Amino acid sequence: GTVCECCGLSRYRQPEAVPGWQNQAMPNTAPPKPAPEPRSAYKAFRPITTRWMDNDAYGHVNNVVYYSWFDTAVNAHLIEHGALDIHAGETIGLVIETHCNYFASLAFPQTVQVGIRVAHLGTSSVRYEVGIFGESDTTAAKGHFVHVYVDKITRRPVPLPQRLKTVLEALQ
């Protein structure tokens, strides 16, 4: 490269064109389009009743409510199976990633079923996959979230407690 006389910044020459590169096919790197899944894809279920306040101005459940359902279904399952003590436990799960795809509308008054499964179990983290079902046998929405389990005081990652690991393994 050269140095610009007026400002002193480096100037780089444009790379020479490679003949024919524009005509080469680019590999398809797009992920597959998300699709609904059947109830059989999930290991455990939790019924949740929609509330009047869940509907938005468009007459369906607002997208943020789905994330609340994710949290409710997973944490209720862990509490009911003795794997999470939200009052006296030394380990807590912090959500570090969430995602959701929507396939069909849900609305109040409707009871939904939230299916859960574990897609990945690490040393101190877990990826939950969650399916939201209305009256259909396929997901109206599906998504995931990742918990990193940490010490309640220091907020530093800790290995999954054995009881938690056992409950999570049953969801794989």
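Residues numbered from 1 in each chain as written. Predicted model: local features only at pLDDT ≥ 70, side-chain atom pairs only at ≥ 80, totals over all residues. Heavy atoms only, no water.

A.B. asks: Mind showing me how you'd approach the side chain of Lys142 here?
C.D. replies: Examined against the element boundaries, Lys142 turns out to sit in strand E7 (residues 141–151). At 2.9 Å, the side chain of Lys142 forms a polar contact with the backbone oxygen of Ala35. Sequence-distant contacts of Lys142, defined by excluding residues within four places in its chain, comprise Ala35, Glu37, Tyr42, Phe70, His99, Cys100, Asn101, Phe103, Val130 and Gly131. (Helix = DSSP H or I, 4+ residues; strand = E, 2+ residues; numbered from the N terminus. Polar contact = N/O pair within 3.5 Å; in protein donor to acceptor, adjacent residues only side chain to side chain. Contact = heavy atoms within 4.5 Å.)

A.B. asks: Which parts of the structure should I look at to understand the environment of Thr111?
C.D. replies: Positionally, Thr111 belongs in strand E5 (residues 111–121). Accessibility expressed as a relative area gives 44% for Thr111, which makes it partly exposed. In this structure, the C-alpha to C-alpha distance between Thr111 and Glu135, residues 24 residues apart in sequence, is 8.6 Å. The contacts of Thr111, once residues within four sequence positions are left out, are Pro47, Ile48 and Thr49. (Buried < 20%, exposed > 50% of the residue type's maximum accessible area, 1.4 Å probe, protein only.)

A.B. asks: What's the story with the confidence of the model for the protein in this structure? I'm lost.
C.D. replies: A low pLDDT score tells you not to read the predicted coordinates there in detail. Taken over all residues, the pLDDT of the protein has a mean of 90, while the share at 70 or more is 84%. Of the regions scoring below 50 in pLDDT, residues 6–10 engages in six contacts with residues more than four places distant in sequence or in other chains. (pLDDT = per-residue confidence, 0-100.)

A.B. asks: I tried to follow helix H2 (residues 162–169) on my own but got confused; where do I start?
C.D. replies: An α-helical turn contains 3.6 residues, so a residue and the one three or four places further along point in the same direction. Considered for burial, the residues of H2 that qualify are Leu164, Val167 and Leu168. Down the axis of H2, the buried side of the element spans an arc of 100 degrees, and every buried residue falls inside it. Considering only its buried residues, H2 is in contact with helix H1 (63–80), E5, strand E6 (125–133) and E7. (Arc of directions from axis to C-beta.)

A.B. asks: When you look at the sheet that holds strand E3 (residues 44–49) in this model, what are you seeing that I'm missing?
C.D. replies: Sheet strands line up and pair through hydrogen bonds in the backbone, either parallel or antiparallel. Reading across from one edge, E3-E5-E6-E7-E4 is the order of the five strands in this open sheet, with antiparallel pairing throughout. Two strands bound the open sheet, and with one partner strand each, they are E3 and strand E4 (91–102). Along the sheet, successive strands turn relative to each other by an average axial angle of 25 degrees, direction set aside. Alignment of E4 against E7, held across 11 bridges, turns out to be antiparallel. Bridged to Ile92 within E7 is Val150. This element, H2, spans E5, E6 and E7 of the sheet and lies at about 115 degrees to E5. (Pairing = 2+ DSSP bridges. Axes fitted to C-alpha atoms, helices over the stretch in contact; angles between N-to-C directions.)

A.B. asks: Would you explain the packing of aromatic side chains in this entry?
C.D. replies: Aromatic ring pairs are defined here through the distance separating the ring centres and the angle between the ring planes. Within the structure shown, the criterion is met by seven aromatic pairs. With a centroid separation of 5.8 Å and an interplanar angle of 85 degrees, the aromatic rings of Trp52 and Phe108 are classed as edge-to-face. Placement of Trp52 in the loop between E3 and H1 and of Phe108 in the loop between E4 and E5 is noted, with a sequence separation of 56 residues between them. Residue Trp52 is classed as exposed on the basis of its relative accessible area of 68%. Of the aromatic side chains, those joined through ring pairs into one cluster are Tyr42, Phe45 and Phe133. Taking NZ or CZ as reference, Arg117 lies 4.4 Å from the ring centre of Tyr42, over its face. (Phe/Tyr/Trp six-rings, centres within 6.5 Å; stacked < 30°, edge-to-face > 60°. Lys NZ or Arg CZ within 6 Å of the ring centre and 35° of its normal.)

A.B. asks: Can you help me understand the nonpolar core in this one?
C.D. replies: One recurring pattern in soluble globular proteins is that nonpolar side chains are buried together. Ranked by internal contacts, the top residues of the largest apolar core, which has 32 residues, are Trp69, Leu78, Val114, Tyr128, Ile132 and Leu168. Those elements that provide at least two residues to this core are E3, H1, E5, E6, E7 and H2. The residues contacting Tyr128, other than those within four sequence positions of it, are Val74, Leu78, Arg117, Val118, Gly143, His144, Phe145, His147, Tyr149 and Leu168. (Core = buried A, V, L, I, M, F, W, Y, C linked by side-chain atoms within 4.5 Å.)

A.B. asks: Explanation requested: the pairing of E6 in the structure shown.
C.D. replies: Remember that side chains alternate between the two faces of the sheet whenever the strand is regular. The element E6 is largely enclosed, with a buried count of seven among its nine residues. Here E5 runs beside E6; their pairing, made up of eight bridges, is antiparallel. Paired with Val114 across the strands is Ile132, a residue of E6. The loop that links E5 with its antiparallel partner E6 comprises three residues. Pairing geometry for E6 and E7, over eight bridges, is antiparallel. Bridge pairing links Glu129 to His144 in E7.

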